[in-house]
Amino acid sequence: MTDQIWIQLLLLIGVAVVTVLLTRSTADARHQAIRRVLLAAFVVVTASAILYPTWLSQLAALVGVGRGTDLLLYALVIAFLSFIATSYRRMKQQDRRITELTRTIALTQVRQEQAGLPTAASPGEDMSHDDGPVEPPAAGLDEGPDRPS
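Residues numbered from 1 in each chain as written. Predicted model: local features only at pLDDT ≥ 70, side-chain atom pairs only at ≥ 80, totals over all residues. Heavy atoms only, no water.

Undergrad: Can you tell me about the overall build of the protein, naming the residues and giving the values?
TA: Counting its secondary structure elements, the protein contains four helices and zero strands. Secondary structure of the protein in N-to-C order comes out as α-α-α-α. The 149 residues of the protein split such that 9% are buried. The contacts in the protein between residues at least 6 apart in sequence include a share of 30% that link residues at least 24 apart. (Helix = DSSP H or I, 4+ residues; strand = E, 2+ residues; numbered from the N terminus. Buried < 20%, exposed > 50% of the residue type's maximum accessible area, 1.4 Å probe, protein only. Contact = heavy atoms within 4.5 Å.)

Undergrad: Which residues make up the pattern of salt bridges, and what are the values?
TA: With the rule as written, the count across this model stands at one salt bridge. In this structure, Asp 70 and Arg 67 form a salt bridge, with 3.1 Å as the shortest nitrogen-oxygen distance. (Salt bridge = Lys/Arg side-chain N within 4 Å of Asp/Glu carboxyl O.)

Undergrad: Break down a nonpolar patch on the surface for me, citing the residues and quoting the values.
TA: Taken together, the side chains of Leu 73, Tyr 74, Val 77, Phe 80, Leu 81, Phe 83 and Ile 84 define a hydrophobic patch exposed on the protein surface, amounting to about 720 Å² of accessible area. Among the secondary structure elements, Val 77 is positioned in helix α4 (residues 68-114). Note on Val 77: relative accessible area 41%, which makes it partly exposed. (Patch = residues over 30% accessible without salt bridge, like charges linked within 9 Å, V, L, I, M, F, W, Y side chains within 5 Å. Areas by Shrake-Rupley, 256 points an atom, 1.4 Å probe, with all protein chains shown as cover.)

Undergrad: I'd love a proper account of the confidence of the model for the protein, names of residues and values included.
TA: Segments scoring low in pLDDT should not have their predicted coordinates read at a detailed level. Residues at a pLDDT of 70 or more form 72% of the protein, whose mean pLDDT is 76. For the protein, per-element mean pLDDT is lowest for helix α1 (residues 3-23), which scores 72, and highest for α4, which scores 89. In this model, residues 140-145 is a region of pLDDT below 50 whose contacts with residues beyond four sequence positions or in other chains number five contacts. (pLDDT = per-residue confidence, 0-100.)

Undergrad: Which residues make up the packing of helix α2 (residues 29-51) against helix α3 (residues 53-63), and what are the values?
TA: As a packed pair, α2 and α3 sit with axes 4 Å apart at the nearest point and diverge in direction by 110°. With respect to α3, the axis of α2 lies roughly perpendicular. For the pair α2 and α3, the contacting residues are Val 45, Ser 48, Ala 49, Ile 50 and Leu 51 in the first and Pro 53, Trp 55 and Leu 56 in the second. Each residue belonging to the contact of α2 with α3 can be placed in one class, and the counts come to seven nonpolar, one polar and no charged. (Axes fitted to C-alpha atoms, helices over the stretch in contact; angles between N-to-C directions. Parallel < 35°, antiparallel > 145°, perpendicular 65-115°, else oblique. Nonpolar A, V, L, I, M, F, W, Y, C, P; charged D, E, K, R; others polar.)

Undergrad: Pulling in residues and values, what's your account of the side chain of Thr 46?
TA: Considering the arrangement of structural elements, one finds Thr 46 in helix α2. Polar side-chain contacts of Thr 46 include one of 2.7 Å to the backbone oxygen of Phe 42. (Polar contact = N/O pair within 3.5 Å; in protein donor to acceptor, adjacent residues only side chain to side chain.)

Laid out in structure tokens, this is it:
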């Protein structure tokens, strides 16, 4: 085999590995379907560019770009910017979820304290101090008329 065939084979294997990794997502069904369609288009275009490098130069000339490598660079910049925007949006959603969970936990702890129930210690709270004897749980929580002591 010539050197060109080896590099083509290596690049096609790389595209296949990326394809497998990107299809293993846990996103919702709509997002997953869009991702798979875009991934299939990516695989077809990438494999075509690897197997027929002059095709990319011809496409670049057709759309008014000087060289195929320049067209590829422009496409990668657009893909990178869309990745950044998607990641930013996902990070903001995650921040909102964490805030909601933190508020829910705080409100639950306050309600438990007001009801006289024991609360779990906060992650940063020091448990080394002694507040005196530990009180048993409120009556009726662990034992009931149907449960043996």
